[in-house]
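Residue strings, one per chain:
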Amino acid sequence: MATWKVLKSETLLQRPWLTIREQEVSLPNGNVIDAFHLVESPDWTGVLALTDCGEVVLVEQYRHGYGGLSVELPAGVVDPGEEPLAAAKRELLEETGHVAEDWLPLISVCVEPSRNTNQAHFFFARGARRVQEQQLDPSEDLKVRLLPVADLLAALEQNLVAHGVHVAAILMAARRQWI
C-alpha cells in the first residue's frame, strides 16, 4: 500500500516532549488533506512487575486529560540514546522503589497510530522487590499500589486501569499465561 506524500509541513508547537506539525498531505488516491496534524513525542516504556508474593506493582495517579485517577503500570519516557529495557528498569525504580530479577519483552505498540509517531515498549518483570523510596520527578505525584495478580483482570473490568495501552500490555501478559 502506498504512503501519503507530505506536500507542506509547518511546526505549530515545539517543546522538549512534544512537537505538533500541521501538514498538507496527498493520499495515494489523489485526494489532498489540507490540514493534517501530526503529534511527535518520544517513545516510552512500561513494566508489568510481579513480586515473589504474587502482587503486581502498580502506580495510581491523576490523569488530567482523563480527569480522574488511573491505576497504571510504572512507565515513563525513553531518554535519547537509552534502550527501552534500561528505561523500564529506571522507571520501575524511580516510580516505585522496586527492582526486579527477571525481565522479558512483553509488547511494543503504537500509542495512537493515526496521528502520533511514538511507540510504547512494555516489559514483564519477575521477582520485584522494594529496595528504596520513590524518586519522583517534580511533575509526578504517584502512589504505589500492590495488587494481587489474581485481581488484575478484574481491575480492568472495573475500569480502574484507564490507560488503554496499559490494558493491552496486561492482556498480552494474560494471553501468554504470565499472570
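See the structure printed just above.
Below: a short report on this structure. (Residues numbered from 1 in each chain as written. Predicted model: local features only at pLDDT ≥ 70, side-chain atom pairs only at ≥ 80, totals over all residues. Heavy atoms only, no water.)

## Topic: the pairing of strand β10 (residues 119-130)
Let me state the cut-off plainly: Two strands form a pair only when DSSP identifies at least two bridges running between them. Helix numbering and strand numbering both begin at the N terminus, where a helix is a DSSP run of H or I of at least 4 residues and a strand a DSSP run of E of at least 2.
As paired elements, strand β4 (residues 44-51) and β10 share 8 bridges and run parallel to each other. In the sheet register, V47 faces β10, and the bridge partner there is F123. When strand β8 (residues 98-99) meets β10, the two strands line up antiparallel, connected through 2 bridges. Bridged to V99 within β10 is R129. Judged from the 8 bridges that link them, strand β9 (residues 102-110) and β10 form a sheet pairing that is antiparallel. For D102, the partnering residue across the bridge sits in β10 and is R126.

## Digging into the nonpolar core
Note the cut-off: Within this scheme, the nonpolar core is defined by two criteria: the residues are buried Ala, Val, Leu, Ile, Met, Phe, Trp, Tyr or Cys, and they are joined through side-chain atoms within 4.5 Å. Each residue's exposure class comes from its accessible area (1.4 Å probe, protein chains only) as a fraction of the maximum for that residue type: buried when under 20%, exposed when over 50%, partly exposed otherwise.
One finds L48, L58, L73, F122 and I170 to be the most contacted residues of the largest nonpolar core, which totals 22 residues. At the level of elements, β4, β5 (55-63), β9, β10, α2 (152-157) and α3 (164-175) are the ones that each hand at least two residues to this core. Ranked by the residues each element gives to this core, the list is headed by α3, at 4 residues. V47, A49, A88 and W103 belong to the second-largest nonpolar core, a separate cluster that totals 10 residues.

Note that every value here comes from positions in space, so none of it alone points to a role or purpose.
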